[in-house]
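These are the residues of each chain, in order.
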Amino acid sequence: QVQLVESGGGLVQPGGSLRLSCAASGRSIFVIHTMGWYRQAPGKQRELVAIITSGGSTTLADSAKGRFTISRDNAKNTVYLQMNSLKPEDTAVYYCNAEISVVLKGRSDYWGQGTQVTVSS
């Protein structure tokens, strides 16, 4: 069974920083392809924040450019989201996502449980 476990959320003041981590685990993991972060604010649809391919190519939402950085450690099956200059509008539940090829099952999307990020003074 594949699990994505997120950590690093919390309450931060405007202009502050947070670093989110998401580790994928499971004995049947064969290959982890694209990993990424999405977020969902109250009353809004889930939206892309940033994604990173297995080769390290990144895509960031316009709202994240210049403030957020996505990276990954393939040896640890972990993806990170460094968030700087946080704004109140960044408040949301942040979800980790990964496309994973699993032995005998093929390629599927997996989601973490979500971690709350609140930006408020």
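Conventions we followed
- Residues numbered from 1 in each chain as written.
- Predicted model: local features only at pLDDT ≥ 70, side-chain atom pairs only at ≥ 80, totals over all residues.
- Heavy atoms only, no water.
- Disulfide = S-S within 2.5 Å.
- Helix = DSSP H or I, 4+ residues; strand = E, 2+ residues; numbered from the N terminus.
- Buried < 20%, exposed > 50% of the residue type's maximum accessible area, 1.4 Å probe, protein only.
- Pairing = 2+ DSSP bridges.
- Axes fitted to C-alpha atoms, helices over the stretch in contact; angles between N-to-C directions.
- Core = buried A, V, L, I, M, F, W, Y, C linked by side-chain atoms within 4.5 Å.
- Contact = heavy atoms within 4.5 Å.

Focus on the state of the cysteines
Part 1 of the reasoning: Taken as a whole and assessed by the stated rule, the structure comprises 1 disulfide.
Part 2 of the reasoning: A disulfide bridge connects Cys22 with Cys96, and the sulfur atoms are separated by 2.0 Å. Residues Cys22 and Cys96 are joined through a disulfide that is left-handed, its torsion about the S-S bond being -80°. A residue pair is termed long-range when its members are at least 10 positions apart, and Cys22 in strand β3 (residues 18-25) and Cys96 in strand β9 (residues 92-102) qualify at 74 residues. Cys96 shares its class with Cys22; the two are buried.

Topic: the sheet that holds strand β7 (residues 68-73)
Note: strands within a sheet are paired through backbone hydrogen bonds, in either parallel or antiparallel orientation.
Part 1 of the reasoning: Strand order in the open sheet formed by 4 strands is β1-β3-β8-β7, and the pairing between neighbours is antiparallel. Of all the strands in the sheet, the pair left with one neighbour each is β1 (3-7) and β7. Along the sheet, successive strands turn relative to each other by an average axial angle of 15°, direction set aside.

Observations regarding unusual backbone geometry
Part 1 of the reasoning: With a phi angle near 55°, Asn77 is a residue other than glycine that sits in the positive phi range.
Part 2 of the reasoning: Considering the arrangement of structural elements, one finds Asn77 in the loop between β7 and β8 (78-83).
Part 3 of the reasoning: With a phi close to 70°, Leu104 is a non-glycine residue in the positive phi region.
Part 4 of the reasoning: Residue placement: Leu104 occurs in the loop between β9 and β10 (106-111).
Part 5 of the reasoning: Residue Leu104 is classed as exposed on the basis of its relative accessible area of 89%.

As for the nonpolar core
Part 1 of the reasoning: Counting 32 residues, the largest nonpolar core has Trp37, Phe68, Leu81, Met83, Tyr94 and Ile100 as the members making the most contacts within it.
Part 2 of the reasoning: For this core, the secondary structure elements donating two or more residues are β3, β4 (29-40), β5 (47-52), β7, β8, β9 and β11 (115-119).
Part 3 of the reasoning: Counting residues per element, this core draws most heavily on β9, which supplies 6 residues.
Part 4 of the reasoning: When near neighbours in sequence (up to four residues on either side) are disregarded, Tyr94 contacts Glu6, Leu20, Trp37, Tyr38, Arg39, Val49, Phe68, Leu81, Met83, Gly114, Thr115 and Val117.

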